[in-house]
Amino acid sequence: FAVVIIVGSMVITGYQAFALGMGPPSGKEVIDPQKVDETAPFDNPGVFEVGDKEYEVVMTLQAFSFDPGEIEIPAGSTVHFKMTSKDVVHGVQIVDTNVNAMVPPGHIQTITQKFDEPGEYLILCNEYCGTGHQLMSATVTVK
Ligand code: CUA
């Protein structure tokens, strides 16, 4: 039975890592954290409509804020987040969703989430990033 558990967890971890692409960001998409402000698309963070009820949010993280700090979208929208950090490792967790990702400096983290229910969704940093960590938050308003 123990062997079944061990092999089972290895298979699940392998499936998540290789088939689903979960895990630490790959080394492929790395930009100089010092030059995030000059590197597209992060030189222009914001919310961009890319289709019908489809948005791209280009977001930068730094101690202790998210840019943009307020995101507003209509209910039923699919949002493609593209994020990077300008300084240290931050995390992004969106309450009431499955979004929970690490955002290391210079790495490009992408995650897609659909927002069906209207409301205000809190975005929190969930990696300890310094003395203002607990103040680092943003909101997604779904109307
Ligand atoms: Cu950013 Cu904790």
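Quick summary incoming for the structure in this document. (Residues numbered from 1 in each chain as written. Predicted model: local features only at pLDDT ≥ 70, side-chain atom pairs only at ≥ 80, totals over all residues. Heavy atoms only, no water.)

**Looking at the overall build of the chain**
Next, step 1: On a plain count of helices and strands, the chain comes out with one helix and 10 strands.
Next, step 2: Taken from N to C terminus, the helices and strands of the chain fall in the order α-β-β-β-β-β-β-β-β-β-β.
Next, step 3: By principal-axis analysis of the C-alpha atoms, the chain measures approximately 50 × 35 × 30 Å.
Next, step 4: The buried share of the chain, taken over its 143 residues, is 36%.
Next, step 5: Residue pairs at least 24 apart in sequence account for 57% of intrachain contacts in the chain once pairs closer than 6 positions are excluded.
Next, step 6: Total accessible area computed for the chain in this model is approximately 8,300 Å², and 54% of it derives from carbon and sulfur atoms.
Next, step 7: Averaging the positions of the 7 positive and the 18 negative side-chain charges in the chain gives two centres separated by 4 Å. (Helix = DSSP H or I, 4+ residues; strand = E, 2+ residues; numbered from the N terminus. Buried < 20%, exposed > 50% of the residue type's maximum accessible area, 1.4 Å probe, protein only. Contact = heavy atoms within 4.5 Å. Areas by Shrake-Rupley, 256 points an atom, 1.4 Å probe, with all protein chains shown as cover. Lys, Arg positive; Asp, Glu negative; His and termini not counted. Charge placed at Lys NZ, Arg CZ, Asp CG, Glu CD.)

**Some thoughts on the nonpolar core**
Next, step 1: Within the largest apolar cluster, 25 residues are counted, with the highest numbers of intra-cluster contacts made by F66, F115 and I123.
Next, step 2: Looking at this core, the elements with two or more residues in it are β2 (54–62), β4 (70–73), β5 (77–85), β6 (90–94), β7 (100–103), β9 (119–124) and β10 (137–142).
Next, step 3: Among the elements that make up this core, the one with the highest residue count is β2 (four residues).
Next, step 4: Sequence-distant contacts of F115, that is, excluding residues within four places in its chain, are made with I73, P74, A75, G76, S77, V79, F81, I94, T97, Y121, V140 and V142.
Next, step 5: Judged by nonpolar contacts, the second largest core, of five residues, contains I31, V36, F42 and V58. (Core = buried A, V, L, I, M, F, W, Y, C linked by side-chain atoms within 4.5 Å.)

**Topic: the environment of V57**
Next, step 1: Summarising the element assignment, V57 is placed in strand β2.
Next, step 2: Here V57 falls in the buried class, since its relative accessible area comes to 0%.
Next, step 3: Look past the residues within four positions of V57 in its chain and what remains in contact with it is G46, V47, P68, I71, V79, H80, F81 and K82.

**Let's talk about the packing of aromatic side chains**
Next, step 1: Applying the stated criterion across every chain yields a total of one aromatic pair.
Next, step 2: A ring pair is formed by F115 and Y121, whose centres lie 5.2 Å apart and whose planes are at 75 degrees; its orientation type is edge-to-face.
Next, step 3: When its relative accessible area of 10% is taken as the criterion, Y121 is described as buried. (Phe/Tyr/Trp six-rings, centres within 6.5 Å; stacked < 30°, edge-to-face > 60°.)

**Comments concerning the sheet that holds β10**
Next, step 1: The five strands lie next to each other as β4-β10-β9-β6-β7, forming an open sheet whose pairing is mixed. Each of the sheet's edge strands pairs with one partner strand only, and the pair in question is β4 and β7. Sheet twist, expressed as the mean angle between neighbouring strand axes with direction ignored, is 20 degrees.
Next, step 2: One ladder, built from six bridges, connects β9 with β10; its direction is antiparallel. Looking at the pairing, G119 lines up with V142 of β10. (Pairing = 2+ DSSP bridges. Axes fitted to C-alpha atoms, helices over the stretch in contact; angles between N-to-C directions.)

**Thoughts on the pairing of strand β1 (residues 46–51)**
Next, step 1: Of the strand pairs in this sheet, β1 and β2 are connected by five bridges, and their pairing is antiparallel. Counted as the bridge partner of V47 is V57 from β2.

**As for the pattern of salt bridges**
Next, step 1: By the definition in use, this model includes three salt bridges.
Next, step 2: Across the pair D37 and K86 runs a salt bridge whose closest N-O atoms are separated by 2.9 Å. With D37 in the loop between α1 (2–19) and β1 and K86 in the loop between β5 and β6, the pair connects residues that are 49 residues apart, well separated along the chain.
Next, step 3: Note that K143 and E72 form a salt bridge whose closest N and O atoms lie 3.4 Å from each other. One end of the pair, K143, is in the segment after β10; the other, E72, is in strand β4, with 71 residues separating them in the sequence.
Next, step 4: Look at K143 and you get exposed, because its relative accessible area is 60%.
Next, step 5: The class of E72 is exposed, set by a relative accessible area of 51%. (Salt bridge = Lys/Arg side-chain N within 4 Å of Asp/Glu carboxyl O.)

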